[in-house]
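Spelled out, the chains give:
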Amino acid sequence: MLTERIIIGIDPGTNVMGFGIIKVVGNKMTLICIDELILKKVESHALKLKRIFDKTLSLIDTYHPDELAIEEPFYAKNVQSMLKLGRAQGVAMAAGLLREIPITEYFPKKVKMSITGNGNASKEQVAGMLKTLLNLKDFPTKYLDASDGLALAVCHFLNSGTKASGNDTKSYTGWSSFVKNNPKRIEG
């Protein structure tokens, strides 16, 4: 009997949060959902974070994913942007941890490499390859943030069962796992 699992991928952002959900049966992936949460017109950063948290919880409660893949924050020249992105990622992770969904973080280059074979691929190249991998006639969204979310879910599936190096991914199975692996993030 083939096992079935649902994987949600989230590309957190304070203007657009992209997400994609796939169902995996054996080695076959099927697209369940791809969309984005548009936050550009929300003026308050705190309210944006609340909407990200609420949307992530809603997705989890609707689709009951077995695993969550999320983009690892990466170094940016603009410290303020990096802080906001880290907060967006944190609230999405908190929603997953609240529902005890195992979470794995991936660096953008790892995702691009997994999908296209090129860690420097463009967002358009990633979207094109996702279309091929999932046998889609058309790509169902105009925002590349949504395809980035879907790419995270597909990357997670493609890397399942492989021993990823600690530099490429970080995984958590719940709050205690997160706290154990991130003591400096918890210190007050």
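Residues numbered from 1 in each chain as written. Predicted model: local features only at pLDDT ≥ 70, side-chain atom pairs only at ≥ 80, totals over all residues. Heavy atoms only, no water.

Asker: Explanation requested: the packing of helix α3 (residues 108-116) against helix α5 (residues 144-158) in the structure shown.
Answerer: Axis angle and axis distance: for two packed helices, these are the angle between their axes and the distance between the axes, and together they describe the pair. For the pair α3 and α5, the least separation of the axes is 9 Å and the interaxial angle reads 70°. Between α3 and α5, the angle is such that the two are roughly perpendicular. Across from Lys110, Val111, Ser114 and Ile115 in α3, the residues of α5 making contact are Ala151, Leu152, Val154, Cys155 and Leu158. The residue makeup of the contact of α3 with α5, split by class, is 7 nonpolar, 1 polar and 1 charged. (Axes fitted to C-alpha atoms, helices over the stretch in contact; angles between N-to-C directions. Helix = DSSP H or I, 4+ residues; strand = E, 2+ residues; numbered from the N terminus. Parallel < 35°, antiparallel > 145°, perpendicular 65-115°, else oblique. Contact = heavy atoms within 4.5 Å. Nonpolar A, V, L, I, M, F, W, Y, C, P; charged D, E, K, R; others polar.)

Asker: Help me out: how do you make sense of the packing of α3 against helix α4 (residues 123-133) in this one?
Answerer: For the pair α3 and α4, the least separation of the axes is 9 Å and the interaxial angle reads 45°. The orientation of α3 relative to α4 falls into the category oblique. Considering the relative orientation of α3 and α4, their crossing is left-handed. Each of Lys112, Ile115 and Thr116 in α3 lies in contact with α4, whose residues at this interface are Gln125, Val126, Met129, Leu130 and Leu133. (Left-handed = near helix turned anticlockwise from the far one by under 90°.)

Asker: So what exactly am I meant to see when it comes to the pattern of salt bridges here?
Answerer: Two side chains carrying opposite charge are able to pair once their charged atoms lie near each other. Throughout the structure, instances matching the rule amount to 4 salt bridges. With a shortest N-O distance of 2.6 Å, Asp54 and Lys50 are connected by a salt bridge. One end of the pair is Asp54 and the other is Lys50, both in helix α1 (residues 45-63) and 4 residues apart, which spans about a single turn. Asp54 gets classed as partly exposed once you look at its relative accessible area, which sits at 35%. Residue Lys123 is joined to Asp148 by a salt bridge in which the shortest nitrogen-to-oxygen separation is 2.3 Å. (Salt bridge = Lys/Arg side-chain N within 4 Å of Asp/Glu carboxyl O. Buried < 20%, exposed > 50% of the residue type's maximum accessible area, 1.4 Å probe, protein only.)

Asker: Would you take a moment to explain the environment of Arg5 for this structure?
Answerer: Tracing the backbone through its elements, the reader meets Arg5 in strand β1 (residues 4-11). Look at Arg5 and you get buried, because its relative accessible area is 19%. Spatially, the C-alpha atoms of Arg5 and Val24 are 5.3 Å apart, while their sequence positions differ by 19 residues. Residue contacts for Arg5: discarding those within four places in its chain leaves Ile22, Lys23, Val24, Asp66, Glu67, Phe157 and Ser160.

Asker: For this particular structure, what's the right way to read the environment of Leu152?
Answerer: By secondary structure assignment, the location of Leu152 is in helix α5. By relative accessible area, Leu152 is classed as buried at 1%. Ignoring anything within four residues of it in the chain, the contact list for Leu152 reads Gly9, Ile10, Asp11, Ala69, Ile70, Glu71, Tyr106 and Val111.

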